[in-house]
Every structure is written in structure tokens, then in C-alpha cells.
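Working through the structure, step by step
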Amino acid sequence: MPGTSSWQLRDGEQIIACNTSLLGHKHFLIGITRVRNEALILRDTLDYVGKHVDAIVAYDDASTDRTLEILGGHPKVALIVTNRSWEADIEARRIAEGRHRGLLLQTAREQLQFDWIFCFDADERVTGDLRGFIEGTHSSDYDGVRVQLFDAYMTPGDHAPYQADRELLGFRRFFGPERRDILMLWRNRLEVIFAKHHAREPGGVERVGTGLYCQHYGKSLSVDHWEETCEYYMRHFPFDTYGRKWRDRKGRAIHTQSDFMRPLYEWGDTLFANAVKM
């Protein structure tokens with residue numbers, strides 16, 4: 001099984017050292033992320049995650065906006081793996097999920113020392129004291145933590161597009177009760193790897209707990225972004241598993257219920273009490 005030690009850089013990829021003062025030191029918690037054309041929200045993302053982690057290693061997947069520039073200029077970004085050739089093929093996109101994160105983990109291990117890793121997407125905001133939670137978990141038996149993620153929605157009274165000069169955390173009022181528990185945090189152990197068949201989550205994490213909450217804004221940045229998301233999944237993912245449902249969502253950016261026909265709730269205890277695990 002190909003793990004993080006076997007992924008090779010391709011001709012269109014290279015590693016860029018950014019804040020070199022972060023290299024060669026022992027860190028407690030670092031972050032990894034893969035991004036493409038996230039300039040609108042990326043500065044806020046890096047500022048927010050940077051409050052919790054010691055360093056960030058990012059994969060830029062052939063962005064055509066200012067994503068690479070923003071990554072390179074942020075003080076918490078230690079390394080960037082850049083890709084100059086974006087693959088549109090459906091099978092290539094599926095493999096890229098695990099491959100890119102495998103390269104990130106491999107690069108981080110080669111050039112940084114760290115105890116824990118936080119794997120995040122640009123449109124997510126983990127709420128609460130992330131670093132404090134992991135510091136408390138460090139002395140426990142857990143090797144990983146699943147974070148409870150809820151989708152934010154645009155509603156008739158709350159659908160103004162996101163602007164880059166504001167914080168994304170708490171940007172939308174309502175969330176769907178559907179909860180996805182995603183392995184976002186794990187100890188840096190060599191048995192933890194991203195293989196070809198992996199996507200968001202690595203393999204090799206045995207003892208996993210659940211904690212923290214996450215606001216996900218992939219469906220709620222703007223009406224235009226919603227339509228672009230529908231088109232992306234229709235074109236670049238298998239139709240039966242992704243394309244059909246996103247085709248049916250076109251033109252339906254504004255919600256009075258979740259995509260799964262359930263009531264929407266404001267962020268907080270009532271939402272968590274009515275959560276439906278997906």
C-alpha cells in the first residue's frame with residue numbers, strides 16, 4: 001500500500017519554503033490543507049487556523065487567483081507544495097484527494113517535527129479552543145479526534161455574499177442538523193498514512209475520540225458560489241454518487257430546509273441536540 005513515504009513529486013509540482021524560521025523546530029500542532037482558488041476566504045482561514053497551530057503546510061492545486069500569493073505571505077505557512085497542472089479527469093480527481101494529502105503529510109514529516117496534525121479545508125471553522133482540546137487529549141489514550149461538522153445554509157433573510165474583509169466564523173445564522181464526524185486531528189505516527197484509496201481521512205489511526213464542532217461554509221458563501229459548486233461536482237465527480245444530487249440542487253441556493261428536508265437551526269445547543277449523524 002503506498003503511504004506517505006512513497007508519493008513522488010510530479011514534473012508540474014514543486015516545494016516552496018515560505019517562513020523558514022518554522023523549519024527545524026519541534027512543534028506541538030501543525031496544520032495541513034489542500035486548496036484551489038480560495039483567495040476570497042483564505043486570508044481569514046490562515047489567520048483563524050494560525051491562532052491554534054504552530055505551522056501550516058499547504059498544497060495549492062493550480063490556483064488561477066491569488067491563492068498562492070496569499071499562502072506565501074502568511075507568517076504561519078512554512079511550506080507550499082505547488083501544482084501547475086490541474087487534472088479535470090473524474091478518476092484523477094478521486095485519486096488526487098489522497099495523493100495531495102499524502103504529499104503534504106510526507107513533506108511535513110521530512111521538514112518539520114511535530115506531535116499532532118490538523119487536516120483542514122479553507123471553508124471550515126472549528127469552534128472552541130482547538131489547541132487546548134488537543135493539549136488535553138495529548139495525555140489520553142486517543143490517537144485521533146473526529147470533529148462534528150455541520151453545513152451552514154443561505155436562507156431568505158440571510159444570503160448576502162461573503163466579503164473578504166470579514167470573519168467567516170459565525171457568518172451564517174442557520175445550519176442543517178446533518179452531522180458528519182470527520183477525522184481532522186491525529187498524532188504524528190508513522191503508521192498513519194494517506195494511500196491511493198483514501199480521501200479526506202488517512203488510514204492507520206486506531207483509537208479515535210469525538211469532540212469539538214465545525215461550521216462548514218461550502219454551501220453558503222454566495223449564490224454564485226453555490227452554482228459553481230453544483231457545476232464542479234457535476235463535471236468532475238461520478239454522476240451516480242455526486243453529479244445527480246448536485247444537478248438537482250442547481251437553482252436552489254436559498255433554503256428554508258436543509259438539503260435533506262430537515263429543519264434549520266441556529267448554531268448552538270439546540271442544533272447539537274437535534275443532530276442527525278450522516
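A brief structural summary. This one's a predicted model, so the numbers in the text were calculated from it and none came from an experiment. (Residues numbered from 1 in each chain as written. Predicted model: local features only at pLDDT ≥ 70, side-chain atom pairs only at ≥ 80, totals over all residues. Heavy atoms only, no water.)

Considering the overall build of the protein chain
This is how the line gets drawn: Under the scheme used here, helices are H or I runs from DSSP no shorter than 4 residues and strands are E runs no shorter than 2 residues, and both carry numbers assigned from the N terminus. When we talk radius of gyration, it's over C-alpha atoms, and the globule rule is simply 2.2 Å times the number of residues to the 0.38. The rule is simple: take the accessible area with a 1.4 Å probe, protein chains only, and divide by the maximum for that residue type; under 20% is buried, over 50% is exposed, in between is partly exposed. Should any heavy atoms of two residues lie within 4.5 Å, those residues are counted as being in contact. Shrake-Rupley sampling with a 1.4 Å probe provides the accessible areas, and residues are treated as covered by the protein chains on show and by no other component. Asp and Glu count as negative and Lys and Arg as positive, but His and the ends of the chain are not part of the count. The location of each charge is read from NZ of Lys, CZ of Arg, CG of Asp or CD of Glu.
A count of helical and extended segments in the protein chain gives seven helices and eleven strands. In terms of overall size, the protein chain behaves like a compact globule, its C-alpha atoms giving a radius of gyration of 18 Å where 278 residues would be expected to give roughly 19 Å. By principal-axis analysis of the C-alpha atoms, the protein chain measures approximately 50 × 40 × 40 Å. Every one of the 278 residues in the protein chain was classed for burial, and the buried ones make up 54%. A fraction of 78% describes how many contacts in the protein chain between residues 6 or more apart in sequence connect residues 24 or more apart. Accessible surface, the protein chain: about 12700 Å² in total, of which carbon and sulfur atoms supply 48%. Separation between the mean location of the 37 positive side-chain charges and that of the 41 negative ones in the protein chain comes to 2 Å.

Observations regarding unusual backbone geometry
Phi at Asn37 is positive, roughly 55 degrees, even though this residue is not glycine. Along the polypeptide, Asn37 turns up in the loop between β2 (26-35) and α1 (39-50). Positive phi is not limited to glycine here, since Leu212 has a value of about 65 degrees.

A few points about helix α4 (residues 130-137)
Stated formally: Working definition: the arc comes from the directions between the helix axis and the C-beta atoms, pointing outward to the latter.
Among the residues of α4, those classed as buried are Leu130, Arg131, Ile134 and Thr137. Here the buried residues of α4 occupy an arc of 120 degrees about the axis, which is enough to place them on one side.

Observations regarding empty space enclosed by the protein
Let me state the cut-off plainly: In this analysis a 1.4 Å probe is tested at points of a 1 Å grid over the protein atoms alone, and where it fits but cannot get out there is a cavity; an open set with protein on both sides within 12 Å along at least five of seven lines is a pocket; lining residues have an atom within 4 Å of a point. Grid points are joined across faces, edges and corners, and a volume is the space filled by probe spheres set on the points.
The tally for this structure, following the rule as stated, stands at one cavity of 30 Å³ or more. What the largest cavity holds in volume is close to 60 Å³. In terms of lining residues, the largest cavity is bounded by Tyr48, Val49, His52, Phe118, Phe120, Glu124, Arg125, Val126 and Leu130. Mapped by element, the contributors of at least two residues to the lining of the largest cavity are α1 and β6 (124-127). Ranked by residue count, the leading element in the lining of the largest cavity is β6, at three residues.

As for α1
Keep this limit in mind: What a helix is expected to span follows from its residue count: subtract one and scale by 1.5 Å.
Between its first and last C-alpha atoms α1 spans 16 Å; for twelve residues at 1.5 Å apiece the expected length is 16 Å, and the two agree. In terms of residue burial, α1 counts as a mostly covered element, since nine of its twelve residues are buried. Among all positions of α1, only Ala39, Ile41, Leu42, Asp44, Thr45, Leu46, Tyr48, Val49 and Gly50 are buried. The elements touched by buried residues of α1 are β2, β3 (55-61), α2 (67-73), β4 (77-83), β5 (113-119) and β6.

Concerning the layout of surface pockets
In this approach, a probe sized like a water molecule rolls over the atoms, and the result shows the empty space that is left. For clarity, the threshold we go by: Any residue that is not Ala, Val, Leu, Ile, Met, Phe, Trp, Tyr, Cys, Pro, Asp, Glu, Lys or Arg is counted as polar, Gly included; the first ten are nonpolar and the last four charged.
Of the voids in this model, the second largest pocket is the one considered here, and its volume is about 210 Å³. Trp226, Lys245, Asp248, Arg249, Arg252, Ile254, His255, Gln257, Ser258, Asp259 and Met261 together form the lining of the second largest pocket. In terms of residue count, the dominant contributor to the lining of the second largest pocket is helix α6 (residues 239-249) (three residues). Here the lining of the second largest pocket is composed, by residue class, of three nonpolar, three polar and five charged.

Comments concerning the environment of Thr33
Take Thr33: it is sitting in strand β2. Leave out the neighbours within four places in its chain, and Thr33 touches Ile56, Val57, Ala58, Tyr59, Leu104, Phe120, Asp121 and Ala122.

Observations regarding the pattern of salt bridges
Our working rule: Salt bridges are identified by distance alone: a Lys or Arg side-chain nitrogen within 4 Å of an Asp or Glu carboxyl oxygen.
Under the counting rule described, the total for this entry stands at 28 salt bridges. With a shortest N-O distance of 3.0 Å, Glu231 and Lys250 are connected by a salt bridge. Of this pair, Glu231 sits in helix α5 (residues 223-236) while Lys250 sits in the loop between α6 and β10 (265-266), and the two are 19 residues apart along the sequence. Take Glu231: its relative accessible area is 24%, and that puts it in the partly exposed class. Note that Asp259 and Arg249 form a salt bridge whose closest N and O atoms lie 3.5 Å from each other. In this pair, Asp259 sits in the loop between α6 and β10 while Arg249 sits in helix α6, placing the two residues ten residues apart along the sequence.

A word on the packing of aromatic side chains
Note the following rule: Note on ring pairs: Phe, Tyr and Trp rings are taken, using the six-membered ring of Trp, and paired if centres are within 6.5 Å. Classes follow the plane angle, with under 30 degrees stacked, over 60 edge-to-face and the rest tilted. Two conditions define a charge sitting above a ring: the NZ of Lys or the CZ of Arg must be within 6 Å of the ring centre, and it must be within 35 degrees of the ring normal.
Within this structure, the stated rule accounts for 13 aromatic pairs. On the numbers, 6.4 Å between centres and 90 degrees between planes, the contact of Tyr213 with Trp267 is edge-to-face. Here Trp267 lies in the loop between β10 and α7 (269-273) and Tyr213 lies in strand β9 (residues 208-216), a separation of 54 residues in the sequence. Taking the relative accessible area as the measure of exposure, Tyr213 reaches 26% and is therefore partly exposed. By way of ring pairs, the aromatic residues Phe150, Tyr162, Phe171, Phe175, Tyr213, Tyr217, Trp267 and Phe272 are connected into one cluster. When the ring centre of Trp246 is taken as reference, the NZ or CZ atom of Arg249 above it lies at 4.5 Å. Positioned over the ring face of Phe260 is Arg249, at 5.9 Å from the centre of the ring.

Brief notes about the packing of α5 against α6
Stated formally: In this analysis, axes come from line fits to C-alpha atoms, helices being fitted only over the stretch in contact, and the angle between any two N-to-C directions falls in the range 0 to 180 degrees. Oblique is the label for any angle not covered by the other classes, which are roughly parallel (under 35 degrees), roughly antiparallel (over 145) and roughly perpendicular (65 to 115). Should the near helix be turned anticlockwise from the far one by less than a right angle, the crossing is termed left-handed; should it be turned clockwise, right-handed.
At a minimum axis separation of 8 Å, α5 and α6 run at an interaxial angle of 150 degrees. Of the possible angle classes, the one that applies to α5 and α6 is roughly antiparallel. Read as a crossing pair, α5 and α6 show a hand that is left-handed. Contact with α5, carried on its side by Trp226, Thr229, Cys230, Tyr233 and Met234, involves Tyr242, Gly243, Trp246, Arg247 and Arg249 of α6 and no other residues of that element. Considered class by class, the residues forming the contact of α5 with α6 number six nonpolar, two polar and two charged.

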